[in-house]
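# Structural overview
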Amino acid sequence: MPPAHPFDDDKLKEECGIFGVLGTVDAANFVALGLHALQHRGQEAGGIVSYHPDHGFNSARRFGYVRDNFTSQKVMETLPGALSIGHVRYSTAGSKGQTAIRDVQPFFGEFAMGGAAIAHNGNITNADALRRELIERGSIFQSSSDSECIIHLMARSLQRNIPERMEDALRRVEGAFSVVAMTRTKLIGVRDPLGVRPLVLGQLPTGWVLSSETCALDIIGAEFVREIEPGEMVVITEAGVESHHPFRRQKSRFCIFEHVYFSRPDSILGGRSVYETRENIGRELAKEAPVEADLVCPVPDSGTPAAIGYSLESGIPYAMGIIRNQYMGRTFIEPTEQIRNMGVRLKLNVNRALIKGKRVILVDDSVVRGTTSRKIKEMILDAGAKEVHFRIASPPTAWPCFYGVDTPQREKLLAATMSEAEMTEHLGVDSLKFISLDGLYRAVGEANGRDASSPQYCDACFSGEYPVEPADMIEKGFEMKAAE
Ligand code: SF4
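Residues numbered from 1 in each chain as written. Predicted model: local features only at pLDDT ≥ 70, side-chain atom pairs only at ≥ 80, totals over all residues. Heavy atoms only, no water.

Quick look at the packing of helix α5 (residues 148-156) against helix α6 (residues 162-171) now. At their nearest, the axes of α5 and α6 sit 8 Å apart, and the two run at 115° to each other. Both α5 and α6 take part in a crossing whose hand is right-handed. Contacts from I150, L153, M154 and A155 in α5 reach I162, R165, M166, A169 and L170 in α6. (Axes fitted to C-alpha atoms, helices over the stretch in contact; angles between N-to-C directions. Helix = DSSP H or I, 4+ residues; strand = E, 2+ residues; numbered from the N terminus. Left-handed = near helix turned anticlockwise from the far one by under 90°. Contact = heavy atoms within 4.5 Å.)

Next comes the structure, spelled out in structure tokens:
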């Protein structure tokens, strides 16, 4: 499947979104709405499973957007019941970039004590080894997804009930996982011991909700209750929420990039508004990397809150120097290579009247390959800008993510092969500055910055310090950063 828009090649791509509801009539309708609000976490495909005592488990799995697949009465009528979970996907493991329908979650397993469906956000870093072991012992895999290992590990467990089998299975799994699962009577949520990926609990007047982000609670009018703790499993029934801690307690290492880019700005993470955090990042950036200029412009849309923060801190006026075409969809760019080569211009246009003759600060969330940054710089200069200064709301992305985010191979990351000065020259801009790792930590609320001896977040894509060794990738030849 080609990229959804010309930007997709040059952004880290978030993973997946998961959502579950127990205790409302036609829970699958709520799940569809929740997944729609989580669509930014995965656009390739989506799936919903529901359970009804008279109709058993039912599922629908489709390619494409939630709004195109899960809005018709005809489809939603096939998903009856008061218990339902769903998943939106951008493939981070398995059939990367060419999702096969068999890789679309939730996955389902039939056990002696009944069926269970699971939806997983994250990436299992020892999935290859587990898969080999499971296949040798007779498991027959249906998909190429790492997440399917969880179902097979559950099938092999000798525990009496499904939550206990899930605990057993997840103790064998390494890496990042937030999981939403369901049986005939239970909605289950789990976060890995480091809590790398998010998962929150919400409440409806008659039921409970699990969601990757709080913005998806808002769409169905659910109250935010709390985040599922790192290493916690919640088992939810009509009687209420039971909390278990099946893993050895560890210091949490939440993904710091969720604050920078992945989560929606109207979500709350760790008790903080994502929007406000991004504005803080812009303020820190203005303190760390000031420059004389006439305008601060965001690279839409993800650079917007940081650009506002930069403008507020520096006193340099904020302006929409680049306008995004909201209606630039996949259908238009797919047909010909010629149209695709027009690239960024299809998606973004420069506001010439504003830019002409100005010294412009462009604020973006990250630089991955740098291809988009170069094109945007050219557009700004073509529009008559006098100077172009890039300010980036994250540190240089120099390492790939193995925890559920699609990143190019290390050699393709601009910051992996070039210094800041080399990148400035390569992009052809008057200046380029990234927020420091300490500055980013301050912006997310760590007043003293990063604790180098025991970092408070996962920041491996910036620091090269992986909180969980990526065993499969090391086996494939990935070289970890040498100890300093
Ligand atoms: S490596 Fe980067 S993107 Fe991946 S989990 Fe860690 S901070 Fe997030």
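Resuming the write-up.
Neighbouring the ligand are 13 residues, the closest being R197, C255, C401, C458 and C461. Where the shell around the ligand is concerned, the elements lending two or more residues are α8 (256-262) and α19 (460-463). When residues of the shell around the ligand are assigned to their parent elements, the largest contribution, three residues, is made by α8. Split into classes, the residues belonging to the shell around the ligand amount to eleven nonpolar, no polar and two charged. (Near = heavy atom within 4 Å. Nonpolar A, V, L, I, M, F, W, Y, C, P; charged D, E, K, R; others polar.)

This part takes up the sheet that holds strand β18 (residues 295-298). With respect to topology, four strands assemble into an open sheet ordered β18-β21-β22-β24, the strand pairing being parallel. Only two strands of the sheet have a single neighbouring strand rather than two, namely β18 and β24 (431-434). Within this sheet the neighbouring strands show an average axis-to-axis angle of 20°, counted without direction. Here β18 runs beside strand β21 (residues 359-364); their pairing, made up of four bridges, is parallel. Counted as the bridge partner of L295 is V360 from β21. (Pairing = 2+ DSSP bridges.)

The subject of this paragraph is the confidence of the model for the chain. Per-residue confidence for the chain gives a mean pLDDT of 92, with 93% of residues at or over 70. Per-residue pLDDT stays below 50 along residues 330-335; that stretch engages in 16 contacts with residues further than four places along the chain or on separate chains. (pLDDT = per-residue confidence, 0-100.)

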